[in-house]
Structure formats: C-alpha cells, structure tokens
Amino acid sequence: MIWLAVFWPALGSPASAAAARAGQCPRPGTLGTSRTLAVDARTTPRVGLKSFPQTLRLADHEVVLTFDDGPWPPTTSRVLAALSQECVRATFFLIGRSASARPDLVRRIAAEGHSVGTHTWSHPSLKRIKPDAAVAQIDRGISAVEMALHGKATTPPQTPFFRFPGFEATPATLDLLQSRGIVVFGADFWASDWNKMTPNQELQLITGRLDAAGRGIILFHDTKVQTAAMMPAFLRYLRDHGYHVVQ
C-alpha cells in the first residue's frame, strides 16, 4: 500500500491521515486539501481514464491536481505560491534533468507538502527510442529526483509515482514499472496548456471540462506561464463551486 501523501510520517490508516490534516491550514476560508488517498500499486498499478480503464477512487466533486515538466523557477514558484495560498497539495512529476539543475526548488516542492513523482530524465517519447534507452530514461530520471531530494541517487523512488511523457507507454515499460511497484499516472482530463492561450481562455477550458467530468485527475504543466497566471483563479473556482482537492 502506497500513501499518496508520503510526506507525512508514520501514516498507517485513513484515521491517522485525517488527524495529520488537522490544523494544516491556519487561514479560514481557504480551499484546503480535503483528504489523502491510499494507492495500492499491486491492485491499482495504472490510473487515468485517458490512458487506462481505471482511475483513482474519487467521489463526485473530488479532484487530484498534478503538474508535469518542472521544476522551472519562474513558473513553478508562482504555482507553488498559489497552492500555498489556498492550502492545497498537489503531485509534481519532475523531469530529472531539470531537478538536477534546480535541487533547491525540488526540495521546496517537497517541503511545502506536495508529492513528488518522476517524468523521465529528459522527456523523450519512450515509444520512439530503443528499449534499453527507455529504461535508462526512467532510471536516470528517478535517480536525479532522489538526489535532489535526499542527496542519494537511488532508483527505487521514495514516492513511487511515474508519468510517461506524452502518455507514450510501451508494454515493456509498463510491465517494468509494475514489477517495481511504481504507479503509472495518466490523467482523466487536462488543461491543454501546451497550446498557446490566455490565462482566462485556459480557465474557461479547464473549468468546462471539470464540470462535464465532475471529478478526476487533472493534468497541468507548471512550466507554462498561462497556467501559473491562471492557478489562483482556478483554485478559487474549485472553492466557490464545491470541489474538494484530494492528495
């Protein structure tokens, strides 16, 4: 059993997780993080309806916020500030090369209570490179993030979450990750923030998709200027429309 919120020590049950949340946010009226969710890699090795037949066990109006491709100081810092303001915790899938270049920012992400997953070393399509190179991308990315976080370049990650660049998995890499007990995250829907748009356009797009779906794992990129600019308004939308953030 793997805890999604691995930064809290010695969490053994949902009850203890609830106790750990008490007093997490001192500011009244914030969105907050409503609960943590346990993920069992043995029974739920892959989640996200865009890629797989199952997703996380979420109730209506519950969302999991995820961010890819960081860390990138100008924008990741703004995303972190917006999340902190609303006492919201997310999951960041970091590129190993960027983590190596900015270990202080990686440590800040973890210190502020977010979960840290991996996203390969340099973001290639793992479908389009040789199998040995794909494994090396996975392992080097994990090692780089572990080094940034803990000062030790190990390949078994302390937070065993991985997302494929472009969701481009292969049967061999899926089997490899499952054999290691690493949960593969897809997404249930996304903000399409790789496309050029204004913050308001992105807000309208993602809230429309969210209201249509009612729940799910949402994919953003913390490297995108419009996403960083839009995030405070999006979190206010969640708060004002009765949504709950799950970590």
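Just above, that's the structure.
This text gives an overview of the structure that appears in the document. (Residues numbered from 1 in each chain as written. Predicted model: local features only at pLDDT ≥ 70, side-chain atom pairs only at ≥ 80, totals over all residues. Heavy atoms only, no water.)

Let us now look at the overall build of the protein chain. In terms of regular secondary structure, the protein chain is built from eight helices and eleven strands. Relative to the globule expectation of 18 Å for 247 residues, the C-alpha radius of gyration of the protein chain, 17 Å, shows essentially globular dimensions. Within the protein chain, the proportion of its 247 residues that are buried is 53%. Pairs at least 24 apart in sequence give 72% of the contacts found in the protein chain among residues at least 6 apart. Carbon and sulfur atoms form 54% of the exposed surface of the protein chain, whose accessible area is close to 10,600 Å². Mean positive and mean negative side-chain charge positions of the protein chain (26 and 19 charges, respectively) differ by 2 Å. (Helix = DSSP H or I, 4+ residues; strand = E, 2+ residues; numbered from the N terminus. Rg over C-alpha atoms; globule rule 2.2 N^0.38 Å. Buried < 20%, exposed > 50% of the residue type's maximum accessible area, 1.4 Å probe, protein only. Contact = heavy atoms within 4.5 Å. Areas by Shrake-Rupley, 256 points an atom, 1.4 Å probe, with all protein chains shown as cover. Lys, Arg positive; Asp, Glu negative; His and termini not counted. Charge placed at Lys NZ, Arg CZ, Asp CG, Glu CD.)

Right, let's get into the pattern of salt bridges. Using the criterion set out here, one finds nine salt bridges in the structure. For R46, the salt bridge goes to D175, with nearest N and O atoms at 3.7 Å. Taken together, the positions of R46 in strand β3 (residues 46-47) and D175 in helix α6 (residues 171-179) put the pair 129 residues apart, joining distant regions of the chain. A salt bridge links D240 to R239, with the shortest nitrogen-to-oxygen separation between them at 3.3 Å. (Salt bridge = Lys/Arg side-chain N within 4 Å of Asp/Glu carboxyl O.)

Here the focus is the pairing of strand β4 (residues 62-68). Burial runs high along β4: seven of the seven residues are buried. Taking every second residue as pointing to the same face, both faces of β4 are buried, with E62, V64, T66 and D68 on one and V63, L65 and F67 on the other. Pairing between β4 and strand β11 (residues 244-245): two bridges, direction parallel. From the neighbouring strand, V63 faces β11, where its bridge partner is V245. Looking at chain direction, β4 and strand β10 (residues 216-221) are connected through six bridges and run parallel. Residue pairing in the sheet places D68 in a bridge with H221 of β10. The sheet contact formed by β4 and strand β5 (residues 91-94) spans three bridges and is parallel. Of the residues in β5, the one forming a bridge with D68 is F93. The handedness of the β4 to β5 crossover, carried by helix α2 (residues 73-85), is right-handed. (Pairing = 2+ DSSP bridges. Right-handed = clockwise from strand over helix to strand, strands pointing away.)

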